[in-house]
Amino acid sequence: MTRLRSPEGAVVCVPARNEAERLPGLLESLAAQSGFGPRAKLGVVVVANGCTDDTAAVARQAGSAGTLALRVIETTFPPESAHVGTARRMALDAGADWLEAEGMPAGALLTTDADARLAPHWVEANLAALREAEVVGGALVIDEEGEADPETSRLHAQIADYWRAVRGIEDCLDPPPHDPPPRHGDHTGASLALRADTYRAVGGLPALPLGEDNALVARVVEAGGRLRHDPAVFVRVSDRVIGRAAGGMAKDMARRRAVARGEDAYRLPTPAFWQALVERRAALRRAWRAGPGPAADLARRLGLDEAALGTLDIAGCPNDIAFVERAGRLLPPLPATQPELPVAEALALFPPLLESLRDAVR
């Protein structure tokens, strides 16, 4: 057994399917991680899932660098479970087993994608962020391959500005003390980190064909875990339009290119929707802090019946983070007061609202 000698303990868990071309780049960036070396190796688990190319062999060859302790798992799942959720869960489970066997049950589990590119401080930045959070998401930086299309690049920038403005509303109405600005808003399988004991405590990653990463984050937050979006943690992701996971990021990249060509519209909610949602979350947080009675009263007024209240289990919520997340999952969706707008039009509505909100909290 290859022993990990990092003082904090870290294993990076990677699902891969027919990634013989791109996986070596990821492993090279992992081999170059600061804080690790031949006497303090970084653990890496690669699950080669249903591959028909040389992914496993390429992984073993590229991962032979002296700074990595690499384990490759070759498997083929039944058709009904042959998806990224099953592969990522297997990788994370194997990583947690590894850490526990090394006597580091609170060591860090990190997951990324086979086509990602990581900065040399990616692991260190995740470990630092985990000192003040239970789960850490990394920012997605789109790595445009080939010659960049100006219209697509402009759309990327508009979408990033839109979500930055949404976070501005949060900072005015319900600022998360554990996730201060400047922060990003990404927490996907391309860059997630949590402790192995946290992973075990929430039941692991749900083996879903799509959205398995967000489902894991939701489990941690529903248990009261703090979600951090540290800007020091980021990952470069491919803008390819044909991916390995159905409905994954490649689908969104294809849609963005179609929008840039004028073949589609990228519509998003208006600022009023986000203001109402954040105000509701802030009200739930205040009610929980006031006690179980006020929390239950507010939940009823917002539309929960007694059966749903029982499911919510207010007394069992360890903190306001858990209560807000669990209540938000059960409450009826907010009615749309305005239709969604193309991103540029929606973005233009944020500045006056943000100005008025900032004036109100000064």
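Residues numbered from 1 in each chain as written. Predicted model: local features only at pLDDT ≥ 70, side-chain atom pairs only at ≥ 80, totals over all residues. Heavy atoms only, no water.

**Comments concerning helix α3 (residues 84-101)**
Operational definition: Helix and strand assignments follow DSSP, with helices taken as H or I runs no shorter than four residues and strands as E runs no shorter than two, numbered in order from the N terminus. Take the residue count of a helix, subtract one, and multiply by 1.5 Å to get its expected span. The rule is simple: take the accessible area with a 1.4 Å probe, protein chains only, and divide by the maximum for that residue type; under 20% is buried, over 50% is exposed, in between is partly exposed. Any two residues whose heavy atoms approach within 4.5 Å at even a single point are treated as in contact.
In a regular helix each residue adds 1.5 Å, so 18 residues correspond to 26 Å; α3 covers 25 Å between its end C-alpha atoms and thus fits that length. Of all the positions in α3, only G85, T86, A87, R88, A91, L92, D93, A94, G95, A96, W98 and L99 are classed as buried. At its buried positions, α3 is contacted by β1 (10-16), β2 (42-49), β3 (68-75), β4 (108-111), α6 (196-201) and α7 (212-222). One or two residues past the end of α3 sits G103, with phi positive at roughly 75°.

**A closer look at the sheet that holds strand β10 (residues 234-238)**
Under the convention used in this document: We treat two strands as partners when DSSP finds at least two bridges between them.
Spatially, the three strands line up as an open sheet ordered β5-β10-β7, and their pairing is mixed. Where the open sheet ends on each side, the last strands, each with one partner, are β5 (117-118) and β7 (139-143). As paired elements, β5 and β10 share two bridges and run antiparallel to each other. By the bridge assignment for β10, L118 is matched with V235.

**Overview of the side chain of R280**
Inclusion rule: Note that His is not counted, nor are the chain ends; the positive residues are Lys and Arg, and the negative ones are Asp and Glu. Should a side-chain nitrogen of Lys or Arg be within 4 Å of a carboxyl oxygen of Asp or Glu, the pair is scored as a salt bridge.
Within the secondary structure, R280 is located in helix α9 (residues 271-290). No salt bridge is formed by the buried R280; its nearest oppositely charged neighbour, E279, is found at 9.9 Å. R280 has contacts with L302, L331, P332 and L334, leaving out every residue within four places of it along the chain.

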